[in-house]
Amino acid sequence: MAVDMLVLKPSAGLHELVVQRLAEGPLGGVDRLVIEAAADEVVGLIRTLAPRQDDSLVEAVRRFHDDDWMAACAFADDQANAPGRAATARRVVRERVDLAFGSSAADVLMHAAIVRGYLDVHGGHLAAQRELHLSRATFYRTLRRARGRLSDTD
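Computed from a predicted structure; not experimentally measured.

Novice: How do you make sense of the overall build of the chain when you look at a structure like this?
Specialist: Across its full length, the chain holds eight helices and zero strands. Burial analysis of the chain (154 residues in total) assigns 35% to the buried set. For the chain, restricting intrachain contacts to residue pairs at least 6 apart in sequence, the fraction spanning at least 24 positions comes to 45%.

Structure follows, in structure tokens:
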């Protein structure tokens with residue numbers, strides 16, 4: 001069975017793709033449960049061979065809205081389907097971000113910069129900078145410190 005290099009990207013649809021390829025190819029006449037079991041083994045093998053993604057908290061914050069990445073990251077629950085894994089990972093990342101900062105004025109500012117800059121759906125760096133009433137340089141300095149705090153908590 002030939003495997004395309006594009007197939008090696010671990011994503012939510014990888015299992016379904018392997019099942020489809022096995023059913024159309026060498027295991028075409030075999031029971032569906034056998035194909036599912038074989039696909040589980042193949043996906044496990046592919047994930048061990050594929051380059052590991054950076055599963056740090058900072059990278060999870062940066063990719064917070066990427067469903068495929070969140071579903072495949074270390075913060076995801078292995079028991080759920082892809083949207084469930086992504087939702088679990090988002091909840092865990094949000095909890096870890098909240099726990100990383102204290103109640104001092106500097107911590108509150110760093111937390112707000114991270115949450116509004118990365119985690120809010122309608123946020124972004126420009127929106128966070130404006131809402132926090134910070135100059136561009138001060139905002140990015142605050143954001144750099146906040147990312148440093150998150151990397152220290154990993």
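Novice: Teacher, can you tell me more about the packing of aromatic side chains here?
Specialist: Each pair of aromatic rings is reported with the distance of its centres and the angle of its planes. Tallying each qualifying case throughout the model produces one aromatic pair. Seen in terms of ring centroids, phenylalanine 139 and tyrosine 140 are 5.2 Å apart; in terms of plane orientation they differ by 80°. Their pairing is edge-to-face. Taking the relative accessible area as the measure of exposure, tyrosine 140 reaches 29% and is therefore partly exposed. Looking at arginine 90, its charged tip hangs above the ring of phenylalanine 64, at a distance of 5.8 Å from the centre.

Novice: Explanation requested: helix H1 (residues 14-24) in the structure shown.
Specialist: Structurally, the α-helix is built with 3.6 residues per turn, so residues lying three or four positions apart point the same way. What H1 keeps buried is the set Leu14, His15, Val18, Val19 and Leu22. One side of H1 holds all its buried residues, which, seen down the axis, span an arc of 135°.

Novice: Just to check I follow, could you spell out the side chain of threonine 88 for this structure?
Specialist: Structurally, threonine 88 is set in helix H5 (residues 82-100). On the basis of relative accessibility, which here comes to 17%, the residue threonine 88 falls in the buried class. Once you skip the residues sitting within four places of it in the chain, threonine 88 turns out to touch Phe75 and Asp77.

Novice: For this particular structure, what's the right way to read the packing of H5 against helix H8 (residues 136-153)?
Specialist: Two packed helices can be described by the angle between their axes and the distance between those axes. One way to put it is that H5 packs onto H8 with a least axis distance of 10 Å and a crossing angle of 105°. Classified by the interaxial angle, the pair formed by H5 and H8 is roughly perpendicular. From H5, Arg96, Val97 and Ala100 reach across to H8, where they touch Arg149, Leu150 and Thr153. Of the residues in the contact of H5 with H8, the class split is three nonpolar, one polar and two charged.

Novice: Explain unusual backbone geometry here, please?
Specialist: Across the chain, the bulk of peptide bonds are trans and the bulk of non-glycine residues have phi less than zero. Phi is positive for histidine 133, close to 55°, though the residue is something other than glycine. For histidine 133, a relative accessible area of 71% translates into the label exposed.

Novice: Whenever I open this one, the pattern of salt bridges confuses me. Can you help?
Specialist: In a structure, side chains of opposite charge can pair up when their charged atoms sit close to one another. Under the definition given, this model contains nine salt bridges. Arginine 90 is paired through a salt bridge with aspartate 67; the nearest N and O atoms lie 2.5 Å apart. Remark: aspartate 67 occurs in helix H4 (residues 67-72) and arginine 90 occurs in helix H5; sequence separation between them is 23 residues. Here arginine 90 falls in the buried class, since its relative accessible area comes to 19%. The partner of arginine 116 in a salt bridge is aspartate 120, with the nearest N and O atoms 3.4 Å apart. Residue arginine 116 is classed as buried on the basis of its relative accessible area, which comes to 18%. Overall, the relative accessible area of 26% leaves aspartate 120 in the partly exposed class.

Definitions and limits used
Residue positions are given per chain, counted from 1 along the sequence in the order it is written. Local features are withheld for residues below a pLDDT of 70 in this predicted model, meaning they are given only at 70 or higher, and side-chain atom pairs are given and counted only at 80 or more; totals for whole chains, interfaces and linings count all residues. The side-chain quantities take in all heavy atoms of the structure and omit both hydrogens and water. Helix and strand labels come from DSSP, where a helix needs a run of H or I of at least four residues and a strand needs a run of E of at least two; each type is numbered from the N terminus. Per-residue accessibility, obtained with a 1.4 Å probe over protein chains only, is compared with the maximum for each type, and a residue is labelled buried under 20%, exposed over 50%, and partly exposed between these values. For this analysis, residues touch if any pair of their heavy atoms sits within 4.5 Å. Planes of paired rings set the category: under 30 degrees apart is stacked, over 60 is edge-to-face and the rest tilted, where pairs are Phe, Tyr or Trp rings (Trp by its six-membered ring) whose centres lie within 6.5 Å. We count a charge as sitting over a ring when the NZ of a lysine or the CZ of an arginine lies within 6 Å of the ring centre and within 35 degrees of the ring normal. Comment: arc refers to directions from the helix axis out to C-beta atoms. For helices, the axis comes from a line fit to the C-alpha atoms of the stretch in contact; other axes are also lines fit to C-alpha atoms, and the angle between any two N-to-C directions lies between 0 and 180 degrees. For this classification, under 35 degrees means roughly parallel, over 145 means roughly antiparallel, 65 to 115 means roughly perpendicular, and everything else is oblique. Gly falls in the polar group here, along with every residue not listed as nonpolar (Ala, Val, Leu, Ile, Met, Phe, Trp, Tyr, Cys, Pro) or charged (Asp, Glu, Lys, Arg). A pairing counts as a salt bridge when a side-chain nitrogen of Lys or Arg comes within 4 Å of a carboxyl oxygen of Asp or Glu.

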